[in-house]
Amino acid sequence: MGVKVSLGVSLGAVLAIVVVALVGGEVSALQPVFGILVPYAAFAIFLVGFIYRVVDWGRSPVPYRIPTTCGQQKTLPWIKQNKIECPSSTLGVIGRMILEVFAFRSLFRHTKAEMASGNIVYGGSKWIWLGALAFHYSFLIIAVRHLRLFLEPVPFLINGIDLVDGMFQIGAPTLYLTDLLLIGAVSYLLVRRLIVPKMRYISLANDYFPLFLILGIGISGVLMRFFIRVDIVGVKELAMGLATLHPVMPEGIGAIFFVHVALVSTLFAYFPFSKLMHAGGVFLSPGRNLANTNRAKMHVNPWEYPVKIHSYEDYENEFREKMKEAGIPVERE
Amino acid sequence: MNLDKLLAKKKDLIVDKWINSIYESYPSETVEFFRHQRNKFANPVGADISEAVGPLFDELLNGNNQKNMFSLLDKIVRIRAVQDFPPSGAVAVVLLLKKIIRDETKKDIDTDGFFEDLLELESRIDYCILLAFDVYMKCREKIWEIKLDEFKKRPFFVEGEARCLSYMVRQEQGQGKGTKDCCNSCGLGEVR
Amino acid sequence: MAKNPEYYESLNIDYKPPRGNWMDRPVDIKSGIYCYPARPVVLENVGMNDRSDWGKYWVIEDEDWELPDDWKERFLNKMRDMLDKYRTFKIYMDICVRCGACADKCHYFLGSGDPMNMPVLRAELLRSIYRGEFTKTGKILGRFAGARKLTKNALKQLWYYMFQCSECRRCSVFCPYGIDTAEITIMGREIMNELGMNIAWVQESVSKCIHTGNHLGLQPQAYKECIDAMLWDIEDNVGITFEPTFNRKGAEILFVTPSGDVFADPGIFTLAGYLMLFEHLGLDYTWSTYASEGGDFGYFTANEMAKRMNGKIYNEAKRLGVKWILGGECGHMWRVLNQYMTTWHGPIDFLEEPVSPITGTKFENAKAHKMVHIMEFVADLIKHNKLKLDPSRNDHLKVTYHDSCNPSRGLGLFEEPRYVIKNVCNHFYEMPENTIREQTYCCGSGSGLNASENMELRLRGGFPRQNALRYVADKYGVNMLACICAIDRAALPPAAQYWNPDVGVTGVCELVANALIMEGEGERTHNIRGFEIATWEPEP
């Protein structure tokens, strides 16, 4: 399957969802389906699926402690250990994981400016680090911002985030920085997959699909806010209803809203079945979340079983005469 | 304008094109990497090619010093001798220049004395290809020498086919059907 | 004359591999890249799956690889079993997002330009099968979920490229999720091992090691003879005569090192280094002919085999009644020792927490494992001024240090060897930052790939390392590459012969031995290689 097919299928799938939601949003009889049923179902799938996957991973054994050591081990007292990159304590592991999860430490490697043939050049990975960081953080902030729809009264913190996010006060309603960042970052991630040949080569349909999906979510969100206005009071009423498990379907919210909701629901439902599960997996990855302490403290493998080791006795039996001749001590003459 | 001047003027362009056409003999997924990763330790192959091609072009135009050419060609061909190229593909890098120069000088071809100059230059390129072939052969012979060395250093107690040099050679030549029977000369007879 | 305007274009394009999705690409197996397959029944004597049960010969050039009839079932059963046993495997199959951060970090990719050597694709070869055979989404959506079925072509691809990975873990340093392609290669190789698809170089070593105790197949008397031969050299070049002990009960320390050091040049000079150092210290130690292998080629076949081979070390320590074990310079040996050994055989209550008898230093980082790395041991000696050293004897050397992959990324041993080298040599230069320490490049021949028939693979895979070496050779006149791995000492010289013919290769303990002032030594005009120090020019 070539790039075009992968792309076409992913984009097609997202567009199909948009069309279905548009139609559904226009028909008032279907509105409860798209406004209540689908979000509930998607959220349930997400919750159950996510937990199932994480528990499934968590239950599988970690037979050996095999972290990748990226710094000096704990050794002689006068040699300085790198406690983060080669942790020997739980604290060190936590530090390593925090850097990994919140700052994408590993992606950051190789990014400093270097001199090559007289010019300063930058490692190519810097952009992917920046892009990934921008994407994940803006997504997180947007998700938090959305909580204002589900909570009453709106907590102070969320209002604060809202305020900072819209601090440039461009346009009315205020333009959020994170909206721009998210759409920009997703576009970068998508374009990168398309124009860098090696990326195109390794990319699959299931790499393009979530990107299109999130791009669709971002665009429909921005459209709703600035261009095709929806009844925000109705949206809040619906969201509160969903959150308090007393769903109501207000009239006249606007079809674009249903597109947004359908795309978000798809993302939720798709999440546990896809590579997006890296969000949970990164915490469980034995390459990073274990301390390099095998020599100080025994790690136990739950399924370890005894094996047949060629015994010294057998060895001596095979070579006894030769050993004696060579003056090597033997157990039995 | 005579050829020398024209080529001197277009040097950067021609060298660039030459470098690119060498890159393009690699899988297209890799070309971009060779081109854009500028750190010579993160991209040794791309760096060697881009460092050697400019001086090689100068050498062709002006110096024609065999020793210099040889060492510059070495930088490009040595790696190709261990990559997935047939011999022709390993040395073809020089040939690529011919086409680039012809393309770049096409419209000046009718100038006085130009054609003779071009022929002279192409002869030099031909000679350079022969040198590239020498480099390639030197590398390939070295590889076999290293293999043989390792082979001789193998402990005498290594058994079976791993001890049989002719088996190894036949395998290399794609005649590895003789897995069951070893050659007669080493006295190993049938390999289990 | 007939014109052929396409001539130059065709020249160019012909050498490119066919376009299209890698999943469909028929595998193009080149000689010089692959290692010879293991012959049937090589491992019969150790009772491990090696085709002996269906007894088919296996020729790579043939279309048919003579697999057993139920090959698919065997493969998938084994894979299922491993997915259940290893969280690493399961998670690494599930969470890769194909961000491409690892893609250009592999020395085999850099040297070959073959996109299938990008670590992400190497792993995808197996991941696509995982999705297609084990996940519901993959079964339903097929290619749209990046899934495919296990076919013979997929299996060939897998074999070809899993034996182009040296399990060096460089890519895993850059992975945002810590996905370790080495782990995936290890799983892939173990699965294929079920189908008898391993290589001769690995399997023959395993087969020999089981009986003789070492990969080379040195029987006890031959092992001792090799060391004796080195003692004569030491007598000639250093003027000291002594006799170490073998299999001696009641010694304080058991010393274990890879057998490559006993036989192959330049590893034997590292061995001379150990011998001289221990003699100088008057260490109460013994060699063992039974546990005469530190390395573990079983690790390149299957976990169980690795454990079986490794088990001899503790067995022997117990039998001889030593207090603790000292380990020599080796790469994957230390990966296995550090990350597997205590889990396999522990708890180790028959040995004592290692204490240096010379300095009294407790090696607390090894208190459960009871094994100390020779570099930790020597660094501690130097720090406590227990060695008389004359580094000027190494003045003709300009030394750089190659961090061997496994002690770097599987143990975290960076400063000890540097400290030792700086104390025994006056001229030490680092290679560029992105080619050393945790970012070190592989020698190109790790994980059992140091056979001779795949020399092209080894040379191109070794190029990134050699390129960095060439840089310091040009800039500082470096003429000696120090390392702490036996495979390095076997593999870096050929690579240097090809890429850097003016640079020699040495173990760190050889440098120590040359600088070591021993009591009663003669005039040290010659180094332990037997060359006159004043005029010696190292070569690989």
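Residues numbered from 1 in each chain as written. Chains lettered and ligands numbered in written order. Predicted model: local features only at pLDDT ≥ 70, side-chain atom pairs only at ≥ 80, totals over all residues. Heavy atoms only, no water.

> Would you explain the overall build of chain A in this entry?
A count of helices and strands for chain A gives 13 helices and two strands. Computed over the C-alpha atoms, the radius of gyration of chain A is 28 Å, more than 25% above the 20 Å expected from 2.2 N^0.38 for a compact globule of 333 residues. In terms of overall dimensions, chain A has C-alpha extents of about 100 × 55 × 45 Å along its principal axes. Within chain A, the fraction of its 333 residues that count as buried is 50%. Partitioning the contacts of chain A with sequence separation of at least 6, the portion at a separation of at least 24 is 65%. When the accessible area of chain A is evaluated, it comes to approximately 16,200 Å², of which 72% is carbon and sulfur surface. One finds the centroid of the 30 positive side-chain charges in chain A at a distance of 7 Å from the centroid of its 22 negative side-chain charges. (Helix = DSSP H or I, 4+ residues; strand = E, 2+ residues; numbered from the N terminus. Rg over C-alpha atoms; globule rule 2.2 N^0.38 Å. Buried < 20%, exposed > 50% of the residue type's maximum accessible area, 1.4 Å probe, protein only. Contact = heavy atoms within 4.5 Å. Areas by Shrake-Rupley, 256 points an atom, 1.4 Å probe, with all protein chains shown as cover. Lys, Arg positive; Asp, Glu negative; His and termini not counted. Charge placed at Lys NZ, Arg CZ, Asp CG, Glu CD.)

> Honestly, the sheet that holds strand β2 (residues 285-286) of chain C in this entry has me stumped. Any pointers?
Backbone-to-backbone hydrogen bonds pair the strands of a sheet. The strands run either parallel or antiparallel. All names here are of chain C. Read across the sheet, four strands follow the order β2-β1-β3-β4 without closing on themselves; strand pairing throughout is parallel. Both outer strands of the open sheet, β2 and β4 (371-373), are each paired with one neighbouring strand and no more. In this structure, strand β1 (residues 253-256) lies alongside strand β3 (residues 324-327), joined through four bridges in parallel fashion. Its bridge partner being in β3, Val256 is matched across the sheet by Gly327. Against the sheet, helix α15 (residues 332-345) makes contact with β1, β3 and β4, and its axis sits at roughly 145 degrees relative to β4, the strand it touches most. This element, helix α16 (residues 374-383), spans β1, β3 and β4 of the sheet and lies at about 70 degrees to β4. (Pairing = 2+ DSSP bridges. Axes fitted to C-alpha atoms, helices over the stretch in contact; angles between N-to-C directions.)

> So what exactly am I meant to see when it comes to the nonpolar core here?
Across soluble globular proteins, you tend to see nonpolar side chains buried next to one another. If you look at the biggest cluster of nonpolar residues, it comprises 191 residues, and the most contacted ones within it are Trp18 of chain B together with Phe75, Phe89 and Trp159 of chain C. Among residues more than four places away in sequence, those in contact with Phe75 of chain C are Leu126, Ile129, Leu150, Leu155, Leu158, Ile191, Met192 and Leu195 of chain C. By size, the runner-up hydrophobic cluster in this structure holds 92 residues, among which are Met230, Ile268, Tyr285 and Ile374 of chain C. (Core = buried A, V, L, I, M, F, W, Y, C linked by side-chain atoms within 4.5 Å.)

> Before we go on, may I ask you to explain the packing of helix α13 (residues 267-281) of chain C against helix α22 (residues 508-515) of chain C in this structure?
In a packed pair of helices, the relevant descriptors are the angle between the two axes and the axis-to-axis distance. All names here are of chain C. Orientation of α13 relative to α22, taken along the N-to-C sense of each, is 50 degrees, at an axis distance of 7 Å. As far as their axial angle goes, α22 and α13 are oblique. The element α13 and its partner α22 pack so that their crossing is left-handed. Residue-level contacts link Phe269, Thr270, Gly273, Tyr274, Met276 and Leu277 of α13 to Cys509, Glu510, Val512 and Ala513 of α22. (Parallel < 35°, antiparallel > 145°, perpendicular 65-115°, else oblique. Left-handed = near helix turned anticlockwise from the far one by under 90°.)

> Honestly, the interface of chain A and chain C in this entry has me stumped. Any pointers?
Interface size is commonly expressed as the accessible area that is lost once the parts come together. On the chain C side, the residues contacting the 84 residues of chain A number 108 residues. In total, chain A and chain C occlude about 8,300 Å² of area from one another, counting both sides; carbon and sulfur atoms represent 57% of this. In this assembly, chain A and chain C are joined by nine salt bridges. Of the charged contacts, one joins Lys90 of chain C and Asp56 of chain A as a salt bridge, the two residues approaching to 3.3 Å between their closest N and O atoms. Mapped onto the side of chain A that touches chain C, the elements with two or more residues apiece are α1 (3-26), α2 (31-59), α4 (105-108), α7 (177-195), α8 (197-202), α9 (205-227), α12 (278-284) and α13 (312-326) of chain A. Among the elements that take part in the side of chain A that touches chain C, α13 of chain A stands out by supplying seven residues, more than any other. Here the residues of the side of chain A that touches chain C sort into 41 nonpolar, 22 polar and 21 charged. (Buried area = accessible area lost by both parts, 1.4 Å probe. Salt bridge = Lys/Arg side-chain N within 4 Å of Asp/Glu carboxyl O. Nonpolar A, V, L, I, M, F, W, Y, C, P; charged D, E, K, R; others polar.)

> Looking at this model, I keep getting lost on the confidence of the model for chain A. Mind explaining?
Close inspection of predicted coordinates is inappropriate in any region flagged by low pLDDT. Per-residue pLDDT for chain A averages 88, and the proportion of residues at 70 or more is 95%. Note on residues 112-122 of chain A: pLDDT under 50 across the span, and 18 contacts to partners over four residues away in sequence or across chains. (pLDDT = per-residue confidence, 0-100.)

> Could you clarify how one ought to interpret helix α3 (residues 87-94) of chain C in this entry?
Because each turn of an α-helix spans 3.6 residues, side chains separated by three or four positions in sequence point in the same direction. In terms of burial, α3 of chain C is a largely internal element, eight of the eight residues being buried. Residues of α3 of chain C that are buried include every one of Arg87, Thr88, Phe89, Lys90, Ile91, Tyr92, Met93 and Asp94 of chain C, and no others.

> Explain the packing of aromatic side chains here, please?
Within a pair of aromatic rings, the relevant descriptors are the distance that separates the centres and the angle that separates the planes. Scanning the model with the defined rule gives 49 aromatic pairs over all chains in all. Measuring from ring centre to ring centre gives 6.4 Å for Tyr64 of chain A and Tyr86 of chain C, while their planes differ by 40 degrees; the resulting arrangement is tilted. With one member in each of two chains, Tyr64 of chain A in the loop between α2 and α3 (90-103) and Tyr86 of chain C in the loop between α2 (71-85) and α3 form a pair that bridges those chains. Look at Tyr64 of chain A and you get buried, because its relative accessible area is 3%. Note on Tyr86 of chain C: relative accessible area 5%, which makes it buried. Taking 6.2 Å as the distance between ring centres and 25 degrees as the angle between the ring planes, the aromatic pair formed by Tyr130 of chain C and Phe134 of chain C counts as stacked. Separated by four residues within a single helix, Tyr130 of chain C and Phe134 of chain C lie in helix α5 (residues 119-134), roughly one turn from each other. Three or more aromatic residues joined by ring pairs make a cluster, and in this case those are Tyr64 and Trp303 of chain A together with Tyr86, Phe297, Tyr299, Phe300, Tyr340 and Trp344 of chain C. Stacked on the ring of Tyr176 of chain A, the Lys or Arg Arg145 of chain A has its end atom at 3.5 Å from the ring centre. (Phe/Tyr/Trp six-rings, centres within 6.5 Å; stacked < 30°, edge-to-face > 60°. Lys NZ or Arg CZ within 6 Å of the ring centre and 35° of its normal.)

> Just to check I follow, could you spell out the side chain of Glu124 of chain C for this structure?
Along the chain, the position of Glu124 of chain C falls in helix α5. Judged by relative accessible area, which is 0%, Glu124 of chain C ranks as buried. Within the local environment of Glu124 of chain C, its side chain forms a polar contact with the side chain of Arg98 of chain C, the two groups lying 3.0 Å apart. The contacts of Glu124 of chain C, once residues within four sequence positions are left out, are Leu204 of chain A together with Trp22, Cys96, Arg98 and Arg131 of chain C. (Polar contact = N/O pair within 3.5 Å; in protein donor to acceptor, adjacent residues only side chain to side chain.)

> What is the right way to read the pairing of strand β6 (residues 480-483) of chain C from this model?
The side chains of a regular strand alternate between the sheet's two faces. Residue and element names in this part refer to chain C. Burial of the side chains of β6 extends over both faces: Met480 and Ala482 are buried on one face and Leu481 and Cys483 on the other. As defined by bridge partners, strand β5 (residues 399-401) adjoins β6 across three bridges and the pair is classed as parallel. Each residue of the ladder has a partner; that of Tyr401, found in β6, is Ala482. Bridge analysis of β6 against strand β7 (residues 504-507) gives four bridges, and the strand direction is parallel. In the strand pairing of β7, Leu481 is matched with Val505.

> Quick question: what am I supposed to make of unusual backbone geometry here?
One can expect most non-glycine residues to show negative phi and most peptide bonds to be in trans. Here the amide bond leading from Glu152 of chain A into Pro153 of chain A is cis, since omega sits at 0 degrees, within 30 degrees of zero. With respect to the helices and strands, the residue Pro153 of chain A is situated in the loop between α5 (125-150) and α6 (156-165). Cis geometry marks the peptide bond from Gly346 of chain C to Pro347 of chain C, where omega comes out at -5 degrees. Within the fold, Pro347 of chain C resides in the loop between α15 and β4. Here Phe104 of chain A, not a glycine, exhibits a phi torsion of approximately 50 degrees, which is positive. Look at Phe104 of chain A and you get buried, because its relative accessible area is 12%. Even without glycine at this site, Leu245 of chain A takes up a positive phi of about 60 degrees. When you line up the elements, Leu245 of chain A lands in the loop between α10 (232-243) and α11 (255-270).

> I keep staring at the sheet that holds β6 of chain C and nothing clicks. Help me out?
All names here are of chain C. Read from one edge of the open sheet, three strands run β5-β6-β7, paired in parallel fashion. Sheet topology places β5 and β7 at the edges, where each strand pairs with a single neighbour. Between one strand axis and the next, the sheet turns by 35 degrees as a mean value, whatever way the strands run.

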